[in-house]
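Observations on chain architecture
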Amino acid sequence: MTTTLSRREVIAAGFGAVMLPSTLSAQPAQKPAELKIGVTTFLSGPASVFGVPSRKACEMLIDQLNAAGGIAGIPVRPIFVDEGPGTDHLVGEIRRLVQSEGVHVLFQSISSGSCLACTPLSRELQKVNLLWDCGTQRIFEENRWEYAFRTQGYGTSEVLAPLLYLLKKKPDFRTVAVLNQDYAWGRDSWELWKTAMDALKPGVRVVAEMFPRFGSTDFSTEITRLLALRPDVILSTSWGGELVTFIRQATERRLHERSMFVLPVAEASMQILGRSMPEGHIIGTRGDHWNNHPAPKDPAAFNAFINAYRQRFNEYPIYPCHHMAQAVWALKAGLEKAVAAKGGAWPSDLELANAFRGLTFPTPTSTITLREDGQGLEDQIVGLSSFNDRFPFAVPKEMMLFPGEQVSAPVGQKSTDWLKTLQPSMIQSAGRSI
């Protein structure tokens, strides 16, 4: 005679850790009353210039979704956590979100350090983790994650596209200097740039590598040195208040008249700089979502997003707003795909994760595909800073679009290794004018 033990009897007998018979397998996932999303972003500190607008965009879009019936018929509720106190705090908060708050999905994070520290929790907690803004290439190049996906581009494409644009617009430059913030992004982005530059244009002389401490407010020493060195190009992947301060101090001393600036993440600072941003310098936006995009895939949706954000918050959205929106749109597409695959039943966490691998979802400007390794392929638009009657701040002209697949390392390759293999012939074929 065969006896089937109940789960309580198994645990009482001390066998709680063993695999149970199929007759005792977990019940099918139950459809929740609401879909809880744990959202980590900077709500304090210097990076709140990105984090607060991204929270605004998230709240606005979720309000719109809920007004239209939610996702798969379920209302959505975001729960926000501040990245500001640091990674140790954030690790604890993510565990709390899952174990105490019962969130179903995580949106994580702005800081690359946050993503590196917290992405392993997606495996431990077995919850879908959408990396919505951090740029480090290491996440998907050093590990494979079952539950983690990045719904935007990353540092490699965001640095390579401006370099290719420079090589097309100013191919005769001979010297370059870098002025980056002294932390992981500043150092890593310079490594990506220099590795690609050495492959695509060998022989360029680096005349200065400057990494002022994070949070610097005075760049007079660095500007004096740059004025004396007169590099053809000055690269800065700095952001926030430091980029604004550097540009203002540099233009006061006319550094922009001697060197071309290349500013891959400048878009988020343009509204603050206003008319003090000099014209004719290379600016990027970590994607393809400039406010003056000349040919978005869905112009009505693009204008609706920008106009709704402006009307609600009295400012234009910046790239972290678009990145947050991409995570929301990816969640909608992925969850609806998973529910459809179950014939309308609610998916398990693993079934939901499987729906994201290979997912292509629409954005107002284009489409984004999540590769088999979890990395999103996002197009990059780069242009020259300019002014027109539509905007009280600089926007790009002479724009070029670089397809995400063209400027991203292939699956299974590390970015620095791949960048070393690039050939100068790539310059001519890369990108297209829009």
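Conventions used here
- Residues numbered from 1 in each chain as written.
- Predicted model: local features only at pLDDT ≥ 70, side-chain atom pairs only at ≥ 80, totals over all residues.
- Heavy atoms only, no water.
- UniProt positions renumbered as here; feature names shortened; annotations may be inferred.
- Helix = DSSP H or I, 4+ residues; strand = E, 2+ residues; numbered from the N terminus.
- Rg over C-alpha atoms; globule rule 2.2 N^0.38 Å.
- Contact = heavy atoms within 4.5 Å.
- Lys, Arg positive; Asp, Glu negative; His and termini not counted.
- Charge placed at Lys NZ, Arg CZ, Asp CG, Glu CD.
- Axes fitted to C-alpha atoms, helices over the stretch in contact; angles between N-to-C directions.
- Parallel < 35°, antiparallel > 145°, perpendicular 65-115°, else oblique.
- Left-handed = near helix turned anticlockwise from the far one by under 90°.
- Nonpolar A, V, L, I, M, F, W, Y, C, P; charged D, E, K, R; others polar.
- Salt bridge = Lys/Arg side-chain N within 4 Å of Asp/Glu carboxyl O.
- Buried < 20%, exposed > 50% of the residue type's maximum accessible area, 1.4 Å probe, protein only.
- Expected span 1.5 Å × (residues − 1).
- Phe/Tyr/Trp six-rings, centres within 6.5 Å; stacked < 30°, edge-to-face > 60°.
- Lys NZ or Arg CZ within 6 Å of the ring centre and 35° of its normal.
- Disulfide = S-S within 2.5 Å.
- Domains from an automatic or database assignment.
- Buried area = accessible area lost by both parts, 1.4 Å probe.
- Polar contact = N/O pair within 3.5 Å; in protein donor to acceptor, adjacent residues only side chain to side chain.
- pLDDT = per-residue confidence, 0-100.

If you check an unreviewed UniProt entry, the chain appears there as ABC transporter substrate-binding protein from Neoroseomonas oryzicola. Turning to the chain, the UniProt record has this under Sequence similarities (unreviewed entry): "Belongs to the leucine-binding protein family."

The subject of this paragraph is the overall build of the chain. A count of helices and strands for the chain gives 16 helices and 16 strands. Against the 2.2 N^0.38 benchmark of 22 Å for 434 residues, the chain shows a C-alpha radius of gyration of 23 Å, consistent with a compact globule. Structurally, the chain occupies a C-alpha span of about 90 × 45 × 40 Å along its principal axes. Contacts in the chain between residues far apart in sequence, at least 24 positions, make up 69% of those at least 6 positions apart. Of the side-chain charges in the chain, 44 are positive and 43 negative, and the distance between the mean point of each set is 2 Å.

Glancing now at the packing of helix H2 (residues 48-67) against helix H12 (residues 299-313). For any two helices packed against each other, the geometry comes down to the angle between their axes and how far apart the axes lie. As a packed pair, H2 and H12 sit with axes 11 Å apart at the nearest point and diverge in direction by 110°. Taken together, the axes of H2 and H12 are roughly perpendicular relative to one another. Like other packed secondary-structure pairs, H2 and H12 cross with a definite hand, here right-handed. Residues Pro53, Lys56, Ala57, Glu59, Met60, Leu61, Asp63 and Gln64 of H2 lie in contact with H12, whose contacting residues are Phe305, Ala308, Tyr309, Arg312 and Phe313. Within the contact of H2 with H12, the residues separate by chemical class into eight nonpolar, one polar and four charged.

Before going further, it helps to examine the pattern of salt bridges. A full pass over the atoms with the stated rule returns 19 salt bridges. Between glutamate 351 and lysine 342 there is a salt bridge, with the nearest N and O atoms lying 3.2 Å from each other. Residue class for glutamate 351 comes out partly exposed when judged on its relative accessible area of 33%. Under the relative-accessibility criterion, lysine 342 is labelled partly exposed at 32%. One continuous salt-bridge network, built from bridges that share partners, spans Glu93, Arg96 and Glu101.

With that settled, consider H2. Between its first and last C-alpha, H2 extends 28 Å over 20 residues, near the 28 Å set by a 1.5 Å rise per residue. Every buried residue belonging to H2 is among Ser48, Phe50, Gly51, Pro53, Ser54, Ala57, Cys58, Met60, Leu61, Ile62 and Leu65, and all of these are buried. In the segment just after H2, glycine 69 is the residue with positive phi, at about 110°.

A few words on the packing of aromatic side chains. Counting across every chain of the model gives 13 aromatic pairs. Considering the side-chain rings of tyrosine 183 and tryptophan 239, the 6.5 Å spacing of their centres and the 75° angle between planes classify their relative orientation as edge-to-face. With tyrosine 183 in the loop between strand S6 (175-179) and helix H8 (184-200) and tryptophan 239 in the loop between strand S8 (233-235) and helix H10 (240-252), the pair connects residues that are 56 residues apart, well separated along the chain. Accessibility expressed as a relative area gives 8% for tryptophan 239, which makes it buried. Ring geometry for phenylalanine 391 and phenylalanine 393: centres 5.6 Å apart, planes at 50°, overall tilted. Feature note: the residues Phe50, Tyr183, Phe214, Trp239 and Tyr319 constitute an aromatic cluster, connected by ring pairs. The cationic tip of arginine 187 hangs over the ring face of phenylalanine 211; the distance from NZ or CZ to the ring centre is 3.8 Å. One Lys or Arg, lysine 201, reaches over the ring of phenylalanine 173 and ends 5.6 Å from the middle of that ring.

Let us now look at the state of the cysteines. Summed over all chains, the structure comprises one disulfide. Here cysteine 115 engages in a disulfide with cysteine 134; their sulfurs sit 2.1 Å apart. An S-S torsion of about -105° defines the bridge between cysteine 115 and cysteine 134 as left-handed. Of this pair, cysteine 115 sits in helix H4 (residues 112-118) while cysteine 134 sits in the loop between strand S4 (128-131) and helix H6 (138-142); the two residues are 19 residues apart in sequence, bridging distant segments of the chain. You can call cysteine 115 buried: its relative accessible area is 0%. Distance from the sulfur of cysteine 58, which forms no disulfide, to the nearest cysteine sulfur (cysteine 321) is 11 Å. Residue cysteine 58 is classed as buried on the basis of its relative accessible area of 0%. Unpaired in this structure, cysteine 118 has its nearest cysteine sulfur neighbour in cysteine 115, at a distance of 7.7 Å.

Attention now goes to the environment of glutamate 142. Here glutamate 142 is to be found in helix H6. Given the relative accessible area of 40%, glutamate 142 is considered partly exposed.

For the rest of this paragraph, the subject is the domain arrangement of the chain. One can read the domain layout of the chain as domain 1 (35-153 + 296-370) and domain 2 (156-285 + 379-433). Each of domain 1 and domain 2 was reduced to a C-alpha centroid, and the two centroids are 27 Å apart. In terms of surface lost to domain 2, no three residues of domain 1 exceed Glu141, Tyr316 and Tyr319, which account for 36% of the buried area on that side. Where domain 1 packs against domain 2, one counts zero salt bridges. Joining domain 1 to domain 2, the criterion identifies four residue pairs in polar contact (both at pLDDT 80 or more). If you list the elements that add at least two residues to the side of domain 1 that touches domain 2, you get H2 and H6. For the side of domain 1 that touches domain 2, the class distribution of residues is eight nonpolar, four polar and three charged.

Predicted confidence across the chain gives a mean pLDDT of 93, with 94% of residues reaching 70 or more. Taken as a whole, residues 1-26 scores under 50 in pLDDT and shows nine contacts with residues more than four places along the chain or in a different chain.

Next up on the list: the side chain of glutamine 380. With respect to the helices, strands and loops of the structure, glutamine 380 is situated in strand S14 (residues 380-386). Residue classification places glutamine 380 among the buried residues on the basis of a relative accessible area of 3%. There is a polar contact of 3.0 Å between the side chain of glutamine 380 and the backbone nitrogen of glycine 287. What glutamine 380 contacts, discounting residues up to four positions off in sequence, is Ser157, Glu158, Ala161, Arg286, Gly287, Met400, Leu401, Phe402 and Val407.

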